[in-house]
Amino acid sequence: MEHVNNESNQSDDRGHVDDLVTRVRSVRNGEVTTRDRLEEMLSRIDEVNPTLNAFHEVLGEDARRHADSIDARLAAGDDPGPLAGAIVAVKDNLCTTEGRTTCSSRMLEHYRSPFEATAVERLRKAGATIIGKTNLDEFAMGSSSENCAWGPVRNPHGVDRVPGGSSGGSAAAVAAGCADVALGSDTGGSIRQPAAFCGCVGLKPTYGRISRYGLVAFGSSLDQIGPISRSVRDASLLYEVMAGVDPHDATTSELQVESPHSDGPLDLRGVRVGIPREHVTDENHPGVTRSFEETRDTLRSAGASIVDVDLPLTHHGISTYYVIAPAEASSNLARYDGIRYGHRAEARPGEGLEELYARTRGEGFGPEVRRRIMLGTYVLSAGYYDAYYTRALKVRRLIKQEFDGVFAQCDVLIGPTTPSPAFRLDADLDPVSMYLNDVYTVNANIAGIPAMSIPSGHVEDDGDSLPVGLHLQAPAFAESLLLRTASAIEATRSKA
Ligand code: GLN
């Protein structure tokens, strides 16, 4: 199988990962310029993007201008911020004033945003250079990055495999060395599942921790923006820059953002690590089970206390999600009528407005988005609202309570991120099997708690060696604990 992943992702024999923090330092020390780093990644994109299709748009000239201005400021003795020298890719459902914001949909094929997402703006203010917009499942609906208006994304670890979704372009870009880090969005697993499939770190913060302003809305009560990176330290750095209250998003929390690594390395001794029985089942791929058991044993030898816990509502997460997310999507996507903006079908003589709307939406949206709109409209319709939508909200409450109960017994939860490694592009999964990819990840969105995926080694599948992820979850706003635990686990792995 052909690989295009970047070997420099791997840690060296002393366990040092060639991560963003190290690279940014070399720009500061004057060993290399931002421009040099950018040019290297632009050539990398030229080399691999025709195969991977990870980028919709490369912002070459804008990025060169930014990189040069960062280098000029550094040369003048200025401090352009903690991300000076960093090259970042941005999922194409985040509004940027440079380039288009298409959400991988014909509906927004030519859309240029007049404003920038707060998360992107904060990265720029911290000195980051945005290299391009990454491919995704249309409107972030999917788990394979195949529901794309302009072709699927391929996995750098094996180009006949999917990279996961919906932030597949972002994960593939990082894994292939086309960016230091990338932004994704996660409504039910869209940062963590592609991170797992591509051997990256992916963080979904607590709901309300990072502003959603400028993120094209899918399921507004579930959506969060987060980083996809090569190391936990990189994810922490981006998290710190982006997190915090934003007057443009009333759901952002006023709670102080802690600096995850200010307390130094976490000692795993004394950390109570919970393992939900429902996440370690025979339904998982044998390689996933083996890799997870190895991590558990490593943690035990590092002194963590392992507690078995129960999350019996785990398997109700998917059905709850597939009522709430489509309900919110059907409402959020009602704005694309082709009149105010977006694709508009050619009007036919004698046709009424209703028909024009219907044809416009039929042409502009792909099949999965149409399916979600129909599902959502159905569960919100007068006769079914209570039976589906109200009931799903009740189960949502129960899932939250179940997490509260479990976090009284342990500090963090671990499990596999996905039941299997990346599947093949031609797997042609039916919608429900595709939805089941998120069985371990959706509940964090339903409960609003922070969660992340970190690399957990490679497994053999049908002759290919593919990465899998370890999933970690923590109580709301406990990102510091989550990131510090992830970092400690990452360190035990690189020593192993
Ligand atoms: N795979 C899930 C879906 O299709 C989650 C997507 C996401 O997190 N954006 O809806």
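Cut-offs applied
Residues numbered from 1 in each chain as written. Predicted model: local features only at pLDDT ≥ 70, side-chain atom pairs only at ≥ 80, totals over all residues. Heavy atoms only, no water. Pairing = 2+ DSSP bridges. Helix = DSSP H or I, 4+ residues; strand = E, 2+ residues; numbered from the N terminus. Right-handed = clockwise from strand over helix to strand, strands pointing away. Polar contact = N/O pair within 3.5 Å; in protein donor to acceptor, adjacent residues only side chain to side chain. Salt bridge = Lys/Arg side-chain N within 4 Å of Asp/Glu carboxyl O. Buried < 20%, exposed > 50% of the residue type's maximum accessible area, 1.4 Å probe, protein only. Near = heavy atom within 4 Å. Areas by Shrake-Rupley, 256 points an atom, 1.4 Å probe, with all protein chains shown as cover. Nonpolar A, V, L, I, M, F, W, Y, C, P; charged D, E, K, R; others polar. Phe/Tyr/Trp six-rings, centres within 6.5 Å; stacked < 30°, edge-to-face > 60°. Axes fitted to C-alpha atoms, helices over the stretch in contact; angles between N-to-C directions. Parallel < 35°, antiparallel > 145°, perpendicular 65-115°, else oblique. Contact = heavy atoms within 4.5 Å. Bend = angle between axes of the 7 residues up to and from the residue.

*Asks:* How would you sum up the pairing of strand 8 (residues 305-309)? Please name residues and give values.
*Replies:* Both strand 7 (residues 272-276) and strand 8 contribute to a ladder of five bridges, which runs parallel. Each bridged residue has a counterpart across the sheet, and for G274 the counterpart in strand 8 is V307. Handedness of the crossover is the feature at issue here: the chain leaves strand 7, passes through helix 8 (residues 286-301), returns alongside strand 8, and the resulting connection is right-handed.

*Asks:* Kindly report on the side chain of D464, identifying the contributing residues and their values.
*Replies:* Position of D464 among the secondary structure elements: in strand 11 (residues 464-473). A distance of 2.9 Å separates a polar atom in the side chain of D464 from a polar atom in the side chain of R161.

*Asks:* Now, about the pattern of salt bridges: what can you tell me, with residues and values included?
*Replies:* Taken as a whole, this structure holds 33 salt bridges when the rule is applied. One salt bridge connects D411 with R272, and the closest N-O pair in it is separated by 3.1 Å. Here D411 is found in the loop between helix 12 (385-406) and strand 9 (412-416), whereas its partner R272 is found in strand 7, with 139 residues between them in sequence. A salt bridge links R300 to D297; the shortest N-O distance between them is 3.9 Å. A residue pair is termed a helical-turn pair when its members lie 3 or 4 positions apart in one helix, as R300 and D297 do in helix 8 at three residues. With a relative accessible area of 36%, D297 lands in the partly exposed category. Salt bridges here are not isolated pairs; linked through shared partners, they connect D160, R161, R424, D461, D462 and D464.

*Asks:* Explain the site of the ligand to me, using residue names and the numbers behind them.
*Replies:* With respect to spatial proximity, 15 residues lie near the ligand, and among them T187, G188, S190, Y321 and D438 are the closest. In the environment of the ligand, a nitrogen atom lies 2.8 Å from a nitrogen or oxygen atom belonging to the backbone of A140. The separation between a nitrogen atom of the ligand and a polar side-chain atom of S190 is 2.7 Å. Here the ligand has 290 Å² of accessible area as a free molecule, and 100% of this is covered by the chains. Counted by class, the shell around the ligand contains five nonpolar, seven polar and three charged residues.

*Asks:* Can you break down the packing of aromatic side chains residue by residue, with the values?
*Replies:* By the definition in use, this model includes twelve aromatic pairs. When the centroid spacing of 6.1 Å and the interplanar angle of 15° are considered together, the rings of F403 and F407 count as stacked. Under the relative-accessibility criterion, F407 is labelled buried at 13%. A connected cluster of aromatic rings, assembled from ring pairs, spans F139, Y336 and F365.

*Asks:* Which residues make up the packing of helix 9 (residues 317-332) against helix 11 (residues 367-379), and what values do they have?
*Replies:* Viewed as axis vectors pointing N to C, helix 9 and helix 11 meet at an angle of 100°, and their least axial separation amounts to 7 Å. In terms of their interaxial angle, helix 9 and helix 11 are classed as roughly perpendicular. Every residue of helix 11 that contacts helix 9 at Y322, V323, P326, A327 and S330 is listed here: R372, I373, L375, G376, T377 and V379. Each residue belonging to the contact of helix 9 with helix 11 can be placed in one class, and the counts come to seven nonpolar, three polar and one charged.

*Asks:* Would you mind going over helix 2 (residues 34-52) in detail, with residue names and values included?
*Replies:* An α-helix turns once per 3.6 residues; consequently, residues spaced three or four apart project the same way. Bending of helix 2 peaks at approximately 35° at the position of D46, with proline P50 no more than four residues after it. Contacts made by the buried residues of helix 2 are with helix 1 (20-28), strand 1 (55-58), helix 3 (60-75), strand 2 (87-91), strand 3 (129-134) and helix 5 (168-175). In the segment just after helix 2, N53 is the residue with positive phi, at about 55°.

None of the figures reported here should be taken as evidence of function without further support.
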